[in-house]
Amino acid sequence: ELKVEQNPLFLSMQEGKNYTIYCNYSTTSDRLYWYRQDPGKSLESLFVLLSNGAVKQEGRLMASLDTKARLSTLHITAAVHDLSATYFCAVVPSGTYKYIFGTGTRLKVLA
Amino acid sequence: DTEVTQTPKHLVMGMTNKKSLKCEQHMGHRAMYWYKQKAKKPPELMFVYSYEKLSINESVPSRFSPECPNSSLLNLHLHALQPEDSALYLCASSQGPGEAYEQYFGPGTRLTVT
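Remember, predicted model here, so these are calculated numbers, not experimental data.

Novice: Hey, could you run me through the side chain of B:Gln37 in this one?
Specialist: Summarising the element assignment, B:Gln37 is placed in strand β4 (residues 31–37). You can call B:Gln37 buried: its relative accessible area is 5%. B:Gln37 has contacts with A:Gln37, A:Leu43, A:Phe88, B:Pro42, B:Pro43, B:Ala87, B:Leu88 and B:Leu90, leaving out every residue within four places of it along the chain.

Printed below as a string of structure tokens:
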């Protein structure tokens, strides 16, 4: 059974701190996507990782992909309150076009 | 224009009603998707249309009926829904089918079945 698991599921952190969210998946894929969702809102695309070793950065967020380990990370640097949201990773198994979402990580940044 | 629009934003319907959700994109994308999202859960794929043809149906009950009248429009027809069908329904599109393409999501329709 295909699994896309994120940890932690919940994360409460102080402003200014660093932390990493992990996304593990159980299928063959070299494409991984990160999304942000604010409460009651739709999904906003953050990063598209299209190959092993891909690293992308935008502001305080940096995402990476290790297809051999079937692992992606979303690193948060010097968190600010505005980053509070739910973060999802999504995997598309090779040869399909089914986007399978991870369990989500609810991030709360405390001022 | 990188926008996917959905109407209505909110919908309340009884279990005997028939209603439709509408999704539109003008990015020339050839793949369109319907997702269902319950509170505090990840989106769950329902249907995928590729080049206006239904290519994936994730064993969705027949009370949900998708339709793709043209390459820019995607509808979801609803009939005889149950209260557990209450959720946020998200439409998305991508340049093509396949894992290489980024999905763009619409704002969603929040559905309440009474």
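Novice: Hey, could you run me through the pairing of strand β5 (residues 43–49) of chain A in this one?
Specialist: Sheet faces and side chains relate simply in a regular strand, where the side chains alternate between the two faces. Residues and elements named next belong to chain A. One ladder, built from six bridges, connects strand β4 (residues 32–37) with β5; its direction is antiparallel. The residue bridging Gln 37 from the neighbouring strand is Leu 43, located in β5. Hairpin connection between β4 and β5: a loop of five residues separates the two successive antiparallel strands, and Gly 40 in this loop has a positive phi of roughly 75°.

Novice: Honestly, the packing of aromatic side chains in this entry has me stumped. Any pointers?
Specialist: Any two aromatic rings considered together are summarised by their centre-to-centre distance and by the angle between their planes. Enumeration over the complete set of coordinates arrives at ten aromatic pairs over all chains. With a centroid separation of 6.3 Å and 85° between ring planes, the pair formed by A:Phe88 and A:Phe101 is classed as edge-to-face. Of the two residues, A:Phe88 sits in strand β9 (residues 85–91) while A:Phe101 sits in strand β10 (residues 100–101), which places them 13 residues apart along the sequence. Across the pair, exposure class does not vary: A:Phe88 and A:Phe101 are buried alike. For A:Phe101, a relative accessible area of 7% translates into the label buried. An aromatic cluster is built from A:Tyr33, A:Tyr35, A:Phe88, A:Tyr99, A:Phe101, B:Tyr33, B:Tyr35 and B:Phe105, whose rings are joined through pairwise contacts.

Novice: Could you clarify how one ought to interpret the sheet that holds strand β7 (residues 64–70) of chain B in this entry?
Specialist: Strands pair in a sheet through their backbones, by hydrogen bonds, and they do so in one of two ways: parallel or antiparallel. All names here are of chain B. Strand order across the open sheet formed by four strands is β1-β3-β8-β7, with antiparallel pairing between neighbours. Each edge of the open sheet carries a strand with a single partner, namely β1 (4–7) and β7. Neighbour to neighbour, the strand axes of the sheet diverge by 20° on average, direction disregarded. Of the strand pairs in this sheet, β7 and strand β8 (residues 73–79) are connected by five bridges, and their pairing is antiparallel. Paired with Pro 66 across the bridge in β8 is Leu 76.

Novice: Would you explain the state of the cysteines in this entry?
Specialist: When the sulfur atoms of two cysteines share a covalent bond, that bond is a disulfide. Considering all chains together, one arrives at two disulfides over all chains under this definition. Between A:Cys23 and A:Cys89 runs a disulfide, and the two sulfur atoms are separated by 2.1 Å. Judged by the sign of its S-S torsion, about 80°, the cystine formed by A:Cys23 and A:Cys89 is right-handed. With A:Cys23 in strand β3 (residues 19–25) and A:Cys89 in strand β9, this pair connects stretches of sequence that are 66 residues apart. Using a relative accessible area of 0% as the deciding quantity, one classes A:Cys89 as buried. Residue B:Cys68 stays outside any disulfide, its sulfur separated by 9.3 Å from that of B:Cys23, the closest cysteine. Accessibility expressed as a relative area gives 13% for B:Cys68, which makes it buried.

Novice: What exactly am I supposed to notice about the interface of chain A and chain B here?
Specialist: Interface size is commonly expressed as the accessible surface area that is lost when the partners come together. The partner chain B presents 27 residues to the 23 residues of chain A that form the contact. Buried surface at the junction of chain A and chain B, both sides included, amounts to about 1,900 Å², of which 57% is carbon and sulfur. For the pair chain A and chain B, the number of links is one salt bridge. Between B:Glu58 and A:Lys98 there is a salt bridge, with its nearest N and O atoms 2.9 Å apart. Here chain A is connected to chain B by six residue pairs in polar contact (both at pLDDT 80 or more). Elements represented by at least two residues in the side of chain A that touches chain B include exactly β4 and β5 of chain A. Tallied by class, the residues present in the side of chain A that touches chain B amount to ten nonpolar, nine polar and four charged.

Novice: Looking at this model, I keep getting lost on the nonpolar core. Mind explaining?
Specialist: A general tendency of soluble globular proteins is for nonpolar side chains to be buried together. Residue and element names in this part refer to chain A. Ranked by size, the top nonpolar core spans 24 residues in total, and within it Leu 32, Trp 34, Leu 74, Ile 76, Tyr 87 and Leu 107 carry the most contacts. Among the secondary structure elements, those contributing two or more residues to this core are β2 (10–14), β3, β4, β5, β7 (61–66), β8 (71–76), β9 and β11 (105–110). Here the element with the most residues in this core is β9; it accounts for four residues. Contact partners of Tyr 87, with chain neighbours within four places excluded, come to Gln 6, Ile 21, Tyr 35, Arg 36, Leu 46, Leu 61, Leu 74, Gly 104, Thr 105 and Leu 107.

Calculation rules
Residues numbered from 1 in each chain as written. Chains lettered and ligands numbered in written order. Predicted model: local features only at pLDDT ≥ 70, side-chain atom pairs only at ≥ 80, totals over all residues. Heavy atoms only, no water. Helix = DSSP H or I, 4+ residues; strand = E, 2+ residues; numbered from the N terminus. Buried < 20%, exposed > 50% of the residue type's maximum accessible area, 1.4 Å probe, protein only. Contact = heavy atoms within 4.5 Å. Pairing = 2+ DSSP bridges. Phe/Tyr/Trp six-rings, centres within 6.5 Å; stacked < 30°, edge-to-face > 60°. Axes fitted to C-alpha atoms, helices over the stretch in contact; angles between N-to-C directions. Disulfide = S-S within 2.5 Å. Buried area = accessible area lost by both parts, 1.4 Å probe. Salt bridge = Lys/Arg side-chain N within 4 Å of Asp/Glu carboxyl O. Polar contact = N/O pair within 3.5 Å; in protein donor to acceptor, adjacent residues only side chain to side chain. Nonpolar A, V, L, I, M, F, W, Y, C, P; charged D, E, K, R; others polar. Core = buried A, V, L, I, M, F, W, Y, C linked by side-chain atoms within 4.5 Å.

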